[in-house]
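# Reading the structure
Below, each chain spelled out in residue letters.
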Amino acid sequence: MGALNVIAVCGHGLGSSLMLKITLEHVFGQLGVDALIETVNAGEAGGYFRHADLIITSPEISKMLDLPPSLPMVTIRNFLDKREITEKVTECIQGKGLK
């Protein structure tokens, strides 16, 4: 498998998703997972699902997304909390065989 295509979704696709992207880059690096991370807003996210392996967003935004059933999603409460992100991302990639 090539690089994991990860979509970080926030309300506007700017500030909070960029913070999440920076944290995700660190977490995936620590896990030894090659990941390409894109940031998008909730309104445009659907256009990225076809090429995505994993969606990462907040619990609030997750309710607005109409994901295909086969596309895994991780919800994060604190986009700067490396511990929360590491635990949830690790559980997802191991459980879904994405690594």
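Up top is the structure these notes are about.
Residues numbered from 1 in each chain as written. Predicted model: local features only at pLDDT ≥ 70, side-chain atom pairs only at ≥ 80, totals over all residues. Heavy atoms only, no water.

### Considerations on the environment of Phe79
Tracing the chain through its elements places Phe79 in the loop between β4 (73-75) and α3 (82-95). Assessed through its relative accessible area of 11%, Phe79 is described here as buried. Sequence separation of Phe79 and Gly11 is 68 residues, and the distance between their C-alpha atoms is 13 Å. If we ignore the near neighbours within four places in the chain, the residues touching Phe79 are Val9, Ser16, Met19, Leu20, Thr23, Thr57, Ser58 and Ile85. (Helix = DSSP H or I, 4+ residues; strand = E, 2+ residues; numbered from the N terminus. Buried < 20%, exposed > 50% of the residue type's maximum accessible area, 1.4 Å probe, protein only. Contact = heavy atoms within 4.5 Å.)

### A few points about the side chain of Ser58
Along the chain, Ser58 turns up in the loop between β3 (54-57) and α2 (59-62). A relative accessible area of 11% means that Ser58 is categorised as buried. Among the polar contacts made by the side chain of Ser58, one reaches the main-chain amide nitrogen of Ile61 at a distance of 3.1 Å. Not counting chain neighbours up to four residues away, the residues in contact with Ser58 comprise Val9, Thr75, Ile76 and Phe79. (Polar contact = N/O pair within 3.5 Å; in protein donor to acceptor, adjacent residues only side chain to side chain.)

### Regarding the nonpolar core
Ranked by internal contacts, the top residues of the largest apolar core, which has 20 residues, are Leu4, Val6, Leu24, Phe28, Leu54 and Ile56. Of all the secondary-structure elements, those providing two or more residues to this core are β1 (4-10), α1 (15-31), β2 (35-41), β3 and α3. (Core = buried A, V, L, I, M, F, W, Y, C linked by side-chain atoms within 4.5 Å.)

### Observations regarding the state of the cysteines
Overall, the coordinates contain zero disulfides when judged by the stated rule. Here Cys10 is not disulfide-linked; the sulfur of Cys92 is the nearest cysteine sulfur, at 19 Å. (Disulfide = S-S within 2.5 Å.)

### Some words on the environment of Ile56
Examined against the element boundaries, Ile56 turns out to sit in strand β3. When its relative accessible area of 0% is taken as the criterion, Ile56 is described as buried. Separated by 47 residues in the primary sequence, Ile56 and Val9 have C-alpha atoms spaced 6.3 Å apart.

### Some thoughts on the pattern of salt bridges
Enumeration over the complete set of coordinates arrives at two salt bridges. Arg83 serves as the salt-bridge partner of Glu87, at 3.2 Å between the closest nitrogen and oxygen. One end of the pair is Glu87 and the other is Arg83, both in helix α3 and four residues apart, which spans about a single turn. Take Glu87: its relative accessible area is 47%, and that puts it in the partly exposed class. One salt bridge connects Lys88 with Glu84, and the closest N-O pair in it is separated by 3.0 Å. Separated by four residues within a single helix, Lys88 and Glu84 lie in helix α3, roughly one turn from each other. What makes Lys88 partly exposed here is its relative accessible area of 31%. For Glu84, a relative accessible area of 12% translates into the label buried. (Salt bridge = Lys/Arg side-chain N within 4 Å of Asp/Glu carboxyl O.)

### Quick notes on the sheet that holds β4
With parallel pairing, four strands are arranged side by side in an open sheet as β2-β1-β3-β4. The sheet is open, and its two borders are formed by β2 and β4, each paired with just one other strand. Taking the axes of each pair of neighbouring strands and ignoring which way they run, one obtains an average angle of 25 degrees across the sheet. Alignment of β1 against β2, held across seven bridges, turns out to be parallel. Each bridged residue has a counterpart across the sheet, and for Val6 the counterpart in β2 is Ile37. (Pairing = 2+ DSSP bridges. Axes fitted to C-alpha atoms, helices over the stretch in contact; angles between N-to-C directions.)

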